[in-house]
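Each chain, letter by letter, is given below.
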Amino acid sequence: MLALSTSIQGVFHSPCLADYPMRYEEIAAKLQSLYMLDQQIKLEPKEPLLYVQRAAVYQGRKKFPEAIADYTKAIEMKYKSDSEVGDKGQVVYQMRAVCFMQAKNLDAAIADLTKAIAIEPNDAPAIANRGAAYLEKKQYAQAMADYSRALQVDPKLSLAYEGIGETCYKTGQHARAIEYLTRALSSDPKFAQAYFYRGSAYKALGKSGESEKDLKKAASLGYQPGQTLYSSK
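What counts, and where the lines are drawn
- Residues numbered from 1 in each chain as written.
- Predicted model: local features only at pLDDT ≥ 70, side-chain atom pairs only at ≥ 80, totals over all residues.
- Heavy atoms only, no water.
- Core = buried A, V, L, I, M, F, W, Y, C linked by side-chain atoms within 4.5 Å.
- Buried < 20%, exposed > 50% of the residue type's maximum accessible area, 1.4 Å probe, protein only.
- Contact = heavy atoms within 4.5 Å.
- Phe/Tyr/Trp six-rings, centres within 6.5 Å; stacked < 30°, edge-to-face > 60°.
- Lys NZ or Arg CZ within 6 Å of the ring centre and 35° of its normal.
- Helix = DSSP H or I, 4+ residues; strand = E, 2+ residues; numbered from the N terminus.
- Axes fitted to C-alpha atoms, helices over the stretch in contact; angles between N-to-C directions.
- Parallel < 35°, antiparallel > 145°, perpendicular 65-115°, else oblique.
- Left-handed = near helix turned anticlockwise from the far one by under 90°.
- Nonpolar A, V, L, I, M, F, W, Y, C, P; charged D, E, K, R; others polar.
- pLDDT = per-residue confidence, 0-100.

A word on the nonpolar core. Ranked by size, the top nonpolar core spans 68 residues in total, and within it Val-52, Tyr-71, Tyr-79, Val-92, Tyr-147, Leu-157 and Ile-164 carry the most contacts. Not counting chain neighbours up to four residues away, the residues in contact with Val-92 comprise Val-52, Tyr-71, Ala-74, Ile-75 and Tyr-79.

Here it is in structure tokens:
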């Protein structure tokens, strides 16, 4: 790891960005300014970590083309994270995929996540992320397959439980949705999106009391309908 004033160690390690709706803004605040990163890149143009750091800052500012360009540069330089155990080169593909998802380029995100999974087939967050992209494309069978596969790799992955629950809700399986969303909340009691879809499922079943409670909880945790859910590993 370079002796930088601020590293990205741990920045991308949270299991779920939905718990941190301002996460990339927080990343940008913790890292150096674009000016300082530009200057360091001029001094060390072959250090891929600097491009990853600058990409995170761009991403936090929603400058997705610039962020994607820097992640691409890091990929070309065969970046591997020092802080992610088991990184075989798949993590930077996941970083770029999340950026593609934020930019609503879901096909590019799926392509990157497929590459990440090819590098490390047992990377549960990458598999679940691809499920999230399929879910947003309304390709429910593919989403369900990926979320189920992610759970086989990591039975505690709350993102995958939420994904299955959300997929069930969107395909009219409301009772099953509640079952999986409850499992997600058992693993992560502050999972705002799980509260939102469980509340929506309760509403569809006519259980207004439970629905109102969950929807209020989701709102109190900062959830806004339409947020995209993905892992930030």
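As a further point, take the packing of aromatic side chains. If you walk through the whole model with that rule in mind, you get four aromatic pairs. For the pair Phe-196 and Tyr-197, a centre-to-centre distance of 5.0 Å together with 90° between the ring planes defines the contact as edge-to-face. This pair shows no difference in class: Phe-196 is buried, exactly as Tyr-197 is. Taken together, the aromatic side chains of Tyr-169, Phe-196, Tyr-197 and Tyr-223 make up a single cluster linked through ring pairs. One cation-aromatic arrangement involves Arg-183 over Tyr-180; the distance from NZ or CZ to the ring centre is 5.0 Å.

On the secondary structure map, Ile-75 appears in helix α4 (residues 64-76). The exposure class assigned to Ile-75 is buried, which follows from its relative accessible area of 16%. Taking C-alpha positions, Ile-75 is 7.3 Å from Tyr-93, a pair spaced 18 residues apart along the chain. If we skip the residues at most four places from it in the chain, Ile-75 touches Val-92, Tyr-93 and Arg-96.

The relative placement of two packed helices is expressed as an angle between their axes plus a distance between the axes. Taken N-terminus to C-terminus, the directions of helix α11 (residues 192-204) and helix α12 (residues 208-220) make an angle of 155°; their axes are 7 Å apart at the nearest point. Classified by the angle their axes make, α11 and α12 are roughly antiparallel. As for the relative orientation of α11 and α12, their crossing is left-handed in sense. Listed contacts from α12 to Ala-192, Tyr-195, Phe-196, Arg-198, Gly-199, Ser-200, Tyr-202 and Lys-203 of α11 are Glu-210, Ser-211, Asp-214, Leu-215, Lys-217 and Ala-218. Of the residues assigned to the contact of α11 with α12, the class counts are six nonpolar, three polar and five charged.

Taken as a whole, the protein chain shows an average pLDDT of 86; of its residues, 83% reach a score of 70 or greater. Taken element by element, the protein chain is modelled with least confidence in helix α1 (residues 23-30), mean pLDDT 52, and with most confidence in helix α8 (residues 140-153), mean pLDDT 98.

Attention now moves to the packing of helix α6 (residues 106-119) against helix α7 (residues 124-136). As a packed pair, α6 and α7 sit with axes 9 Å apart at the nearest point and diverge in direction by 160°. As judged from the angle between their axes, α6 and α7 are roughly antiparallel. Judged by the twist between their axes, the crossing of α6 over α7 is left-handed. Residues Leu-106, Ile-110, Leu-113, Thr-114, Ala-116 and Ile-117 of α6 form the contact with α7, whose participating residues are Ala-126, Ile-127, Asn-129, Arg-130, Ala-133, Tyr-134 and Glu-136.

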